[in-house]
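# Geometric and topological summary
The primary structure of each chain is shown beneath.
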Amino acid sequence: MTINETQDELIDDFAFFEDWMAKYEYLIQLGKDLPLIDDRYKKDEYLIKGCQSKVWLHADYQNGKVVFTADSDAIITKGLVGLMIKVLSEHTPEEIASSELYFIDQIGLKEHLSPTRANGLLSMVKQMKLYAVALNAKS
């Protein structure tokens, strides 16, 4: 699926839930389903700056695509990074770097996250795009 197809699918998924408690439960489940990051990447150099919680993010370049793994010490934040990985992982660096992530506004995340979590989410997006640009330059 393309990045936009995944975003559209997530918009539909979130529309299914009637209230934000159910949407938070869905986010938590995304965090639980997140593939485990290798412990060697749970170091300060892989922490996303700008997140109140600890969020470790690693990007690998495999067969022309960026594969992200991550973890967090906070369950909602882990769900947020899981959401971002669902959208951006397994795509080319060019696709990631040029993507417009409209689903964040359309599912109402910005209005329902605390300011610190919203800033953390923006930091995740920025870091994932930076990894994509860096991996593209390397290849």
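How each quantity is defined
Residues numbered from 1 in each chain as written. Predicted model: local features only at pLDDT ≥ 70, side-chain atom pairs only at ≥ 80, totals over all residues. Heavy atoms only, no water. Helix = DSSP H or I, 4+ residues; strand = E, 2+ residues; numbered from the N terminus. Rg over C-alpha atoms; globule rule 2.2 N^0.38 Å. Buried < 20%, exposed > 50% of the residue type's maximum accessible area, 1.4 Å probe, protein only. Contact = heavy atoms within 4.5 Å. Lys, Arg positive; Asp, Glu negative; His and termini not counted. Charge placed at Lys NZ, Arg CZ, Asp CG, Glu CD. Expected span 1.5 Å × (residues − 1). Axes fitted to C-alpha atoms, helices over the stretch in contact; angles between N-to-C directions. Left-handed = near helix turned anticlockwise from the far one by under 90°. Nonpolar A, V, L, I, M, F, W, Y, C, P; charged D, E, K, R; others polar. Salt bridge = Lys/Arg side-chain N within 4 Å of Asp/Glu carboxyl O. Core = buried A, V, L, I, M, F, W, Y, C linked by side-chain atoms within 4.5 Å.

## Considering the overall build of the chain
On a plain count of helices and strands, the chain comes out with seven helices and two strands. Starting at the N terminus and ending at the C terminus, the chain contains elements arranged as α-α-β-β-α-α-α-α-α. In summary, the chain has a C-alpha radius of gyration of 14 Å against a globular reference of 14 Å for 139 residues, a match within 12%. Counting the 139 residues in the chain, one finds 50% classified as buried. If you take every contact in the chain between residues at least 6 apart in sequence, the share linking residues at least 24 apart comes to 63%. Positive and negative side-chain charges of the chain, numbering 15 and 22 respectively, have mean locations separated by a distance of 8 Å.

## Some thoughts on the environment of Ala70
Note on placement: Ala70 falls in strand β2 (residues 65-72). Relative accessible area serves as the criterion here: at 1%, Ala70 is assigned to the buried category. Taking the C-alpha atoms as reference, Ala70 lies 10 Å from Leu80; in sequence the two are ten residues apart. Beyond its immediate stretch of four places on either side in the chain, Ala70 contacts Leu34, Pro35, Ile37, Trp56, Leu57, Val81 and Ile85.

## Brief notes about helix α7 (residues 115-138)
Here α7 is 24 residues long and its end C-alpha atoms lie 35 Å apart, about the 34 Å a rise of 1.5 Å per residue gives. Where the residues of α7 are buried, they touch β1 (55-62), β2, α3 (75-88), α4 (93-98), α5 (103-106) and α6 (109-112).

## What to know about the packing of α3 against α7
At a minimum axis separation of 11 Å, α3 and α7 run at an interaxial angle of 35 degrees. Of the two elements, α3 crosses α7, and the hand of that crossing is right-handed. For the pair α3 and α7, the contacting residues are Ile76, Thr77, Leu80, Val81, Met84, Ile85 and Leu88 in the first and Arg117, Leu121, Met124, Val125 and Met128 in the second. When grouped by side-chain class, the residues that make up the contact of α3 with α7 number ten nonpolar, one polar and one charged.

## So, the pattern of salt bridges
Scanning the entire structure with this criterion turns up four salt bridges. Between Asp71 and Lys78 there is a salt bridge, with the nearest N and O atoms lying 3.2 Å from each other. Comparing Asp71 with Lys78, the two get one shared label, buried. Asp105 is the salt-bridge partner of Lys110, the closest N and O atoms lying 3.6 Å from each other. Owing to a relative accessible area of 44%, Lys110 belongs among the partly exposed residues under this scheme. Judged by relative accessible area, which is 43%, Asp105 ranks as partly exposed.

## Focus on the nonpolar core
Formed by 46 residues in total, the largest nonpolar core has its most connected members in Phe68, Met84, Phe103 and Leu109. Sorting the residues of this core by element identifies α1 (3-16), α2 (20-32), β1, β2, α3, α5 and α7 as the ones contributing at least two each. Sequence-distant contacts of Phe68, defined by excluding residues within four places in its chain, comprise Leu57, His58, Ala59, Ile85, Leu88, Ser89, Ile96, Met128 and Tyr131.

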